[in-house]
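Analysis of the macromolecular model
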Amino acid sequence: HAVQVATGTGGAAPPPPPPGRWLWPVPRWQGRAPVVSDGYGSPRIGGNRGAIHRGADLMFRRRWRGELADRFPTAAPHARMHFMPPGTLALAASDGEIWSARWTPRGFSVVLSHGAPWATYYTHLTAPRVGETRRGAGRVRVVAGQPLGVVGADPKDANAIAHLHFELWHGGNGLAAIDPTPY
């Protein structure tokens with residue numbers, strides 16, 4: 001039986017997997033894999049009525065509600081059931097070129113081109129590990145796993161929860177974001 005996957009392509013089947021080696025854009029922490037704390041397609045509160053989350057927020061999940069509360073309190077910059085260790089690096093999910101890397105109202109943001117039609121977007125970074133690059137100007141090569149910056153919180157988020165916002169784009173810019181889960 002085929003599984004229908006919700007995508008940013010109007011419910012059509014997801015495109016074939018991108019070429020090359022791909023990895024999670026947040027490294028394991030003390031043996032734990034990062035998880036999606038808020039997934040693609042979840043409704044956005046406020047501002048734009050009907051808007052959806054165009055990416056995946058990545059954090060680490062607590063095994064039980066109070067786990068690690070002494071190190072990562074269940075309040076900002078952590079959440080009740082998720083946390084982000086300070087200094088966690090956001091990593092290039094695959095080999096590519098930096099299309100843009102700059103400060104935005106959402107924190108330091110990076111767009112990597114992985115060869116048409118694939119690109120990835122990373123935001124809410126602090127302490128960049130790559131130089132600022134104007135849109136399409138730099139073409140600096142990166143390899144899968146290369147640090148892009150330190151994971152932080154969205155400066156516009158009143159809750160100030162530290163997480164990596166990650167998007168997978170197919171065939172364009174952020175309006176072409178698709179659900180990264182199948183990949």
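Residues numbered from 1 in each chain as written. Predicted model: local features only at pLDDT ≥ 70, side-chain atom pairs only at ≥ 80, totals over all residues. Heavy atoms only, no water.

What about the pattern of salt bridges?
This is how it is decided: One speaks of a salt bridge when a side-chain nitrogen belonging to Lys or Arg is within 4 Å of a carboxyl oxygen belonging to Asp or Glu. Helix and strand assignments come from DSSP, with helices taken as H or I runs of at least 4 residues and strands as E runs of at least 2, each series counted from the N terminus. Note on exposure labels: buried denotes an accessible area under 20% of the residue type's maximum, exposed denotes more than 50%, and partly exposed covers the range between, all computed with a 1.4 Å probe on protein chains only.
Applying the stated criterion across every chain, the model contains four salt bridges. Put simply, Arg106 and Asp154 hold a salt bridge, and the shortest N to O gap is 2.5 Å. You can see Arg106 sitting in the loop between strand S5 (96-104) and strand S6 (107-113) and its partner Asp154 sitting in the loop between strand S9 (147-151) and strand S10 (164-170), a full 48 residues away along the chain. With a relative accessible area of 38%, Arg106 lands in the partly exposed category. Here Asp154 falls in the buried class, since its relative accessible area comes to 9%. By sharing partners, the salt bridges in this structure join Arg32, Arg63 and Glu67 into a single network.

Observations concerning unusual backbone geometry
With an omega of 10 degrees, the peptide bond between Ala76 and Pro77 qualifies as cis. With respect to the helices and strands, Pro77 occurs in the loop between strand S2 (56-61) and strand S3 (82-83). At the junction of Ala116 and Pro117, the peptide bond is cis and its omega measures out at 10 degrees in the coordinates. A positive phi angle, close to 60 degrees, is found at Leu68, a residue other than glycine. Structurally, the position occupied by Leu68 is in the loop between S2 and S3.

Here's the deal with the pairing of S10
In plain terms, the rule: Any two strands with at least two DSSP-identified bridges between them are counted as paired.
Counting buried residues in S10 gives six out of seven residues, a clear majority hidden from the surface. Here three bridges tie S2 to S10, and the two strands are oriented antiparallel to one another. Among the inter-strand pairings, Ala56 is bridged to a residue of S10, identified as Phe166. With six bridges joining them, strand S7 (residues 118-128) and S10 adopt antiparallel strand pairing.

Observations concerning the nonpolar core
Note the following rule: We call a set of buried Ala, Val, Leu, Ile, Met, Phe, Trp, Tyr and Cys residues a nonpolar core when their side-chain atoms join them within 4.5 Å. When checking whether two residues touch, look at their non-hydrogen atoms; a contact exists if any pair is within 4.5 Å.
One finds Val110, Leu112, Tyr122, Leu125, Val130, Leu148 and Leu164 to be the most contacted residues of the largest nonpolar core, which totals 28 residues. Elements represented by at least two residues in this core include exactly S2, S5, S6, S7, S9 and S10. Apart from residues no more than four positions distant in its own chain, Val130 is found in contact with Ile98, Ala101, Phe108, Val110, Pro147 and Leu148. Of all hydrophobic cores here, the second largest spans six residues; its members include Tyr40, Val111, Ala119 and Ala177.

A look at the packing of aromatic side chains
Where we set the bar: Stacked, tilted and edge-to-face are the three classes applied to pairs of Phe, Tyr and Trp rings, where Trp contributes its six-membered ring and a pair requires centres within 6.5 Å; stacked means planes under 30 degrees apart, edge-to-face means over 60, and tilted covers the rest.
In total, this model carries nine aromatic pairs according to the counting rule given. Consider the rings of Trp29 and Phe72, whose centres lie 5.5 Å apart with planes at 75 degrees: the pair is edge-to-face. Here the residue Trp29 occupies a position in the segment before strand S1 (35-38), and Phe72 occupies one in the loop between S2 and S3, the gap between them amounting to 43 residues. In this pair, the class of Trp29 matches that of Phe72, namely buried. Taking the centre distance of 5.4 Å and the plane angle of 75 degrees together, the rings of Trp29 and Phe83 count as edge-to-face. Remark: Phe83 occurs in strand S3 and Trp29 occurs in the segment before S1; sequence separation between them is 54 residues. Per residue, the accessibility class of Trp29 equals that of Phe83, and both read buried. Chaining the aromatic ring pairs together yields one cluster made of Trp29, Phe60, Phe72 and Phe83.

Purely geometric numbers; function is a separate question.
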